[in-house]
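# Topology and contacts: notes
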Amino acid sequence: MREASRATRTWLITGAGRGLGRAFAQAALDQGDRVVGTVRRSGAMAELLADHPDSAREMLLDVRDAAAVTDTIDQAAQVFGGFDVLVNNAGAGFVGALEEVDEQQARDHLDLNLFGALWASRAAISHLRARGGGDIVQISTVGAIGSMPMFGLYNASKWALEGFSEALSTEVAQFGIRVTIAQLGGFATDWAGSSMSFAAPKPEYDDLRTAMFGTAEIPWPIADPVEPSTDSDPRQAADSLVAHLADPDRPLRVLIGDDAPNHAALAYAARVNGQFDVPTGGQVKVPALCG
């Protein structure tokens, strides 16, 4: 039951038709909030709309189109008289060594994973400011702390997402807008299935692919749908995000997922223990950010 003292909020969630986006929408609706979800395919939210006809709406949007993002967010703000939470969830994975990635693939991936969230965040600020504040949530990954061979382009998109979002958090704090960077671990979604994109493979990387994925085949074989997933339920991620947003002292970053803390610890340890050339006989000098 929704607490009587908590005001009903409106969530705007990109990529709400399946996977994590759908789980975020379901969790918000279950606690009595309203949801405007964007999808690429009409009818992707049909079940949620049927179960919540008064509090859920679906809008078509390709977040790679900056003008469409602005127009859609402006329209979404009219559906329930504004929104309180933007969740930038739309995105996908990409597998390929740098040498294998062609220019169009790189641009398309960054348009989706990076610029889509940038355009949506930019468009949402004025609406949240008009309401006296709100939340912008960036769905990131523990892959934004470290990196893995074959995932360099994906890692780059998430590192960049976190870079502009950290700056954004300070820029909009004066308006009562909070930014959350949700660094997720593994969840049982279609991220590694039909949502995954691949560069055209070069045979020089077959051994590395085999060592990492158990096969050099690209796209990799589809997992047996009968085989139970070892990843966490996406609803766990949604519930963790809801709890985070309810904390008045919430930090900028939150690790979500059973495996996320361990992956983060390993990534930070790798930076300190093996990837920095530390001068002997003195302290490490931190370069200036500007000039």
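Structural notes, computed from the coordinates. (Residues numbered from 1 in each chain as written. Predicted model: local features only at pLDDT ≥ 70, side-chain atom pairs only at ≥ 80, totals over all residues. Heavy atoms only, no water.)

Right, let's get into the pairing of strand S3 (residues 56–60). Bridging between strand S2 (residues 34–39) and S3 involves five bridges; their strand directions are parallel. The partner of Thr-38 across the bridge, within S3, is Met-59. Chirality of the crossover, the property in question, places the unit of S2, helix H2 (residues 46–51) and S3 among those that are right-handed. (Pairing = 2+ DSSP bridges. Helix = DSSP H or I, 4+ residues; strand = E, 2+ residues; numbered from the N terminus. Right-handed = clockwise from strand over helix to strand, strands pointing away.)

A separate point is the pairing of strand S6 (residues 134–141). In terms of residue burial, S6 counts as a mostly covered element, since eight of its eight residues are buried. Across the two faces of S6 the burial is the same, with Gly-134, Ile-136, Gln-138 and Ser-140 and Asp-135, Val-137, Ile-139 and Thr-141 all buried. As paired elements, strand S4 (residues 85–88) and S6 share four bridges and run parallel to each other. In the sheet register, Val-87 faces S6, and the bridge partner there is Val-137. Strand direction decides the pairing type here: S6 and strand S7 (residues 177–184), joined by eight bridges, are parallel. Paired with Asp-135 across the bridge in S7 is Arg-178. In this fold, the crossover linking S6 to S7 by way of helix H5 (residues 152–171) has right-handed handedness. (Buried < 20%, exposed > 50% of the residue type's maximum accessible area, 1.4 Å probe, protein only.)

Think of an α-helix as turning once every 3.6 residues; residues three or four places apart then point the same way. Between its first and last C-alpha atoms helix H4 (residues 103–130) spans 40 Å; for 28 residues at 1.5 Å apiece the expected length is 40 Å, and the two agree. At Phe-115, H4 shows its maximal bend, which comes to roughly 40 degrees. Between a side-chain oxygen at the N-terminus of H4 and the backbone nitrogen of Gln-104 the separation is 3.2 Å; the capping residue is Asp-102. (Expected span 1.5 Å × (residues − 1). Bend = angle between axes of the 7 residues up to and from the residue. Polar contact = N/O pair within 3.5 Å; in protein donor to acceptor, adjacent residues only side chain to side chain.)

Further remarks concern the environment of Arg-129. Along the chain, Arg-129 turns up in helix H4. Considered as a pair, Arg-129 and Asp-84 are 45 residues apart in the sequence and their alpha carbons are 9.8 Å apart. Apart from residues lying up to four places away in sequence, Arg-129 is in contact with Phe-175 and Ile-177. (Contact = heavy atoms within 4.5 Å.)

Below, the discussion takes up unusual backbone geometry. Here Ile-218 and Pro-219 are connected by a cis peptide whose omega angle stands at -10 degrees. One can find Pro-219 in the loop between helix H6 (206–213) and helix H7 (234–245). Positive phi, normally seen in glycine, also occurs at Met-150, with a value near 80 degrees. Note that Met-150 resides in the loop between S6 and H5.

This part covers the sheet that holds S6. Taken in spatial order, the seven strands of this open sheet run S3-S2-S1-S4-S6-S7-S9, and their pairing is parallel. Pairing within the sheet leaves two strands with one partner each, and these edge strands are S3 and strand S9 (253–256). Strand-to-strand twist across the sheet, computed as the mean angle between neighbouring axes with direction ignored, equals 20 degrees. Helix H3 (residues 66–79) contacts strand S1 (10–14), S2 and S3 of the sheet and is inclined by roughly 165 degrees relative to S3. (Axes fitted to C-alpha atoms, helices over the stretch in contact; angles between N-to-C directions.)

Quick look at the packing of H3 against H4 now. Across the interface, H3 lies against H4 with an axial gap of 9 Å and an inter-helix angle of 35 degrees. The handedness of the crossing between H3 and H4 is right-handed. Between H3 and H4, the contacting residues are Ala-66, Val-69, Thr-70, Ile-73, Asp-74 and Ala-77 on the first element and Trp-119, Ala-120, Arg-122, Ala-123, Ala-124 and His-127 on the second. Split by residue class, the contact of H3 with H4 holds eight nonpolar, two polar and two charged. (Left-handed = near helix turned anticlockwise from the far one by under 90°. Nonpolar A, V, L, I, M, F, W, Y, C, P; charged D, E, K, R; others polar.)

Right, let's get into the side chain of Glu-100. Examined against the element boundaries, Glu-100 turns out to sit in the loop between strand S5 (94–95) and H4. With a relative accessible area of 7%, Glu-100 lands in the buried category. With sequence-adjacent residues up to four places away left out, Glu-100 is seen in contact with Gln-105, Met-150, Ala-199, Ala-200, Pro-201, Lys-202, Tyr-205 and Arg-209.

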